[in-house]
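Here are the chains, one letter per residue:
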Amino acid sequence: MKKLINSVDRVVEEALDGLVVAFPHYLSRIPNSHVLARAVPKASGKVGIVSGGGSGHEPAHGGYVGFGMLDAAVAGEVFTSPTPDQVLTGIKAADHGAGVLLVVKNYTGDVMNFDIAREMAEAEGIATAAVTVNDDVAVEDSLYTSGRRGIAGTVFVHKIAGALAEQGASLDQVVAAANGVIANLASMGFAFESCTVPAAGKATFELASDEMEMGIGIHGEPGTHRMKVEGASELTSYLLGKIVADLEITPDDRVVAMVNGMGATPLLELAVMANEVAHQATGAGFILEQVFLGEFMTSLEMAGASLTLLRVDETRLELLRSACDTPALRQGVRIG
Amino acid sequence: MDDAEFCQIWRNFAKLIEENREYLNSLDAAIGDADHGTNMARGMAKAIESCDGANGGLRETSKAIAMAMLSTVGGASGALWGSGLLKLSASLPETRSCSEREFVESVDAFVTSVHDRGKANLGDKTMLDVFLPARDRLNAGVAAGESLLMLANELVGETAAWAANTKDLIALKGRAAYLGERSRGHVDPGAFSSSLWFKSLNQALEGKRA
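Structurally, Lys159(A) can be placed in helix H4 (residues 154–166). Setting aside chain neighbours within four positions, we find Lys159(A) in contact with Gly68(A), Met69(A), Leu319(A), Leu320(A), Ser322(A), Ala323(A), Cys324(A), Leu329(A) and Gln331(A).

Below you can see the structure in the form of structure tokens.
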């Protein structure tokens, strides 16, 4: 295993401090916790937004703490949901008297730990609400299973809920907007190569040189099937087909896309995919308003990418395009 | 059961988890994310520390173990073990020892909590495939006047078999559920670590006899 670390046990600890070192104007670490909060808290009377999950998805989630997005991010161990006491610390840091929204990705561990944290917060008199992101269309939804996973589309939930909270909307309004995003959000990804969880020391799965995993989760968990590697056009077409069918996108629908790198795919290749998305959107007749291109929700050094579509109306698009200033996403901010 | 014996269960469990850490990770790599051994080992190391520090009764000791697991393990296992042990703790008396019936009742409270929070049922390929039938056996045995030692002895083999049998199941809860049919053919790591707990219980009880 080749890793730029000192010891497996201290990866998360040292990385959290490193983020504060690199972004002191944005981030402050709550002492004795794995919580990164805004260096300058938002005004009181505004809804707070907390997200989090296992580490290894950088820039998620600490990278989205700042004006217009999150108030606090809670980091667990690598690919392991944070514990309830840590989430509670995040909730307290984000509480400015108007309630706190928790943005949770739909994994059994995340859902349970955030639930327990909410019970603890309610006991302390802090109003909370939670939304569960389940944008991954690779895995079937069913009454009898845990439902779909939450992946890269979660960043759009952070952005839109965060923008609304910044405007002073109520907790109910922010929850409704976040659920509106979730209802119009779908993603799917693939992997060319596995990642290596530091504590495990070896690749989570093996792929032959001409093989790929379709429908990969963001923790290196296997996807729907293995297949021979295909080109950008075919892969984009496959992902787009699944996503468009899931969202029942029809011609003249307005959408925003995200082409997300999993950690080891060059921006050059992600840009090729973005170009494919634009071409194929034109072919299908729906209106592609914007493409977010880059690494938004990674899986350590996994090679691969995910595609997300969000159906937008004017309100949602405005919130998505409104100013935000965070380590990982900065837009519409005037300097000086 | 007294608090020394109670703590011995957890020391044994910590040791068995540590010995099986890589095996649990490898089971998890097949159908999850390769960290069940690492997470449980981290939690148990912390849990037995709090056991050393505790000098109160059974309720206080078990609560310290519960909080250690809740705040150290993470993931679904941490939430289920941690919140389940809080219920176990609340069910135990504040005294330094309890009857076998009271101990079995506390295990029952643990299993009910895991069942309620995780919403998994028998056959869903989770830790409950070990704990649900084991709970039923313990309850029936104690009601029939069987000794906890005899029951624990029997459950070592039974729970190992129940854990092994999860290999043939399709996961319906937890992260492995996303694999559907592809989850078949692998033992569930949570079921396997749960079977180790019964081995730990038996070792602790046998230690008393020795």
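On to the interface of chain A and chain B. Contacts between chain A and chain B engage 35 residues on the former and 29 residues on the latter. The contact between chain A and chain B buries some 2500 Å² in all, and 56% of this surface belongs to carbon and sulfur atoms. Linking chain A with chain B are 2 salt bridges. For the salt bridge of Glu213(A) with Arg182(B), the shortest nitrogen-to-oxygen distance reads 2.7 Å. Summed over the shared surface of chain A and chain B, the result is 6 residue pairs in polar contact (both at pLDDT 80 or more). A total of 7 residues in the side of chain A that touches chain B trace back to one element, the largest contributor, which is helix H3 (residues 108–123) of chain A. When the residues that make up the side of chain A that touches chain B are grouped by side-chain class, the tally is 12 nonpolar, 15 polar and 8 charged.

Below, the discussion takes up H4(A). All names here are of chain A. Between the first and last C-alpha of H4 there are 18 Å, a value that for 13 residues agrees with the 18 Å anticipated at 1.5 Å per step. For H4, the buried fraction is high: 13 of the 13 residues fall into the buried class. Following H4 by one or two positions, Gly-168 adopts a phi angle in the positive range, close to 100°.

All names here are of chain A. Within the secondary structure, Ser-55 is located in strand E3 (residues 48–55). For Ser-55, a relative accessible area of 8% translates into the label buried. Among the polar contacts made by the side chain of Ser-55, one reaches the main-chain carbonyl oxygen of Gly-76 at a distance of 2.7 Å. Once residues lying within four places of it in the same chain are set aside, the contact partners of Ser-55 are Val-12, Ala-75, Gly-76, Glu-77, Val-78 and Phe-79.

Once that is clear, we can look at the environment of Arg10(A). Residues and elements named next belong to chain A. Residue placement: Arg-10 occurs in the segment before helix H1 (11–22). Arg-10 sits in the partly exposed class, given a relative accessible area of 42%. Arg-10 sits 82 residues away from Lys-92 along the chain, and the two C-alpha atoms are 25 Å apart.

Right, let's get into empty space enclosed by the protein. Where empty space is left becomes clear once a probe the size of a water molecule has been rolled over the atoms. Applying the stated criterion across every chain, the model contains 2 cavities of 30 Å³ or more. Space inside the largest cavity adds up to approximately 600 Å³. Taken together, 37 residues make up the lining of the largest cavity; nearest its centre are His36(B), Ala76(B), Ser77(B), Gly174(B) and Arg175(B). For the lining of the largest cavity, the elements supplying multiple residues, two or more each, are H3 of chain A together with helix H2 (21–31), helix H3 (36–53), helix H5 (75–91), helix H6 (100–118) and helix H9 (189–209) of chain B. Here the lining of the largest cavity gets 5 residues from one element, more than from any other, and that element is H5(B). Residues belonging to the lining of the largest cavity are distributed by class as follows: 14 nonpolar, 16 polar and 7 charged. A volume near 40 Å³ is recorded for the second largest cavity. If you go around the second largest cavity, the residues you meet are Trp10(B), Trp81(B), Leu85(B), Leu88(B), Val107(B), Phe110(B), Phe131(B) and Trp197(B). For the lining of the second largest cavity, the secondary structure elements donating two or more residues are H5 and H6 of chain B. In the lining of the second largest cavity, the residues fall into 8 nonpolar, no polar and no charged.

A few words on the domain arrangement of chain A. Residue and element names in this part refer to chain A. The domains assigned to chain A are domain 1 (12–183) and domain 2 (185–311). Relative placement of domain 1 and domain 2: their C-alpha centres are 23 Å apart. At the junction of the two partners, domain 1 supplies 30 residues and domain 2 supplies 33 residues. Of the roughly 2400 Å² buried where domain 1 meets domain 2, counting both sides, 68% is carbon and sulfur surface. Sorting the residues of domain 1 by area buried against domain 2 places Phe-79, Val-137 and Phe-156 first, and these three jointly supply 27% of that buried surface. Inspection of the region where domain 1 meets domain 2 yields 1 salt bridge. The closest approach of N and O atoms between Arg-148 and Asp-246, which form a salt bridge, is 2.8 Å. Summed over the shared surface of domain 1 and domain 2, the number is 11 residue pairs in polar contact (both at pLDDT 80 or more).

Here is what the cut-offs are and how they apply
- Residues numbered from 1 in each chain as written.
- Chains lettered and ligands numbered in written order.
- Predicted model: local features only at pLDDT ≥ 70, side-chain atom pairs only at ≥ 80, totals over all residues.
- Heavy atoms only, no water.
- Helix = DSSP H or I, 4+ residues; strand = E, 2+ residues; numbered from the N terminus.
- Contact = heavy atoms within 4.5 Å.
- Buried area = accessible area lost by both parts, 1.4 Å probe.
- Salt bridge = Lys/Arg side-chain N within 4 Å of Asp/Glu carboxyl O.
- Polar contact = N/O pair within 3.5 Å; in protein donor to acceptor, adjacent residues only side chain to side chain.
- Nonpolar A, V, L, I, M, F, W, Y, C, P; charged D, E, K, R; others polar.
- Expected span 1.5 Å × (residues − 1).
- Buried < 20%, exposed > 50% of the residue type's maximum accessible area, 1.4 Å probe, protein only.
- 1 Å grid on protein atoms, 1.4 Å probe; cavity = no way out; pocket = protein on both sides within 12 Å on 5 of 7 lines; lining within 4 Å.
- Points joined across faces, edges and corners; volume = space filled by probe spheres on them.
- Domains from an automatic or database assignment.

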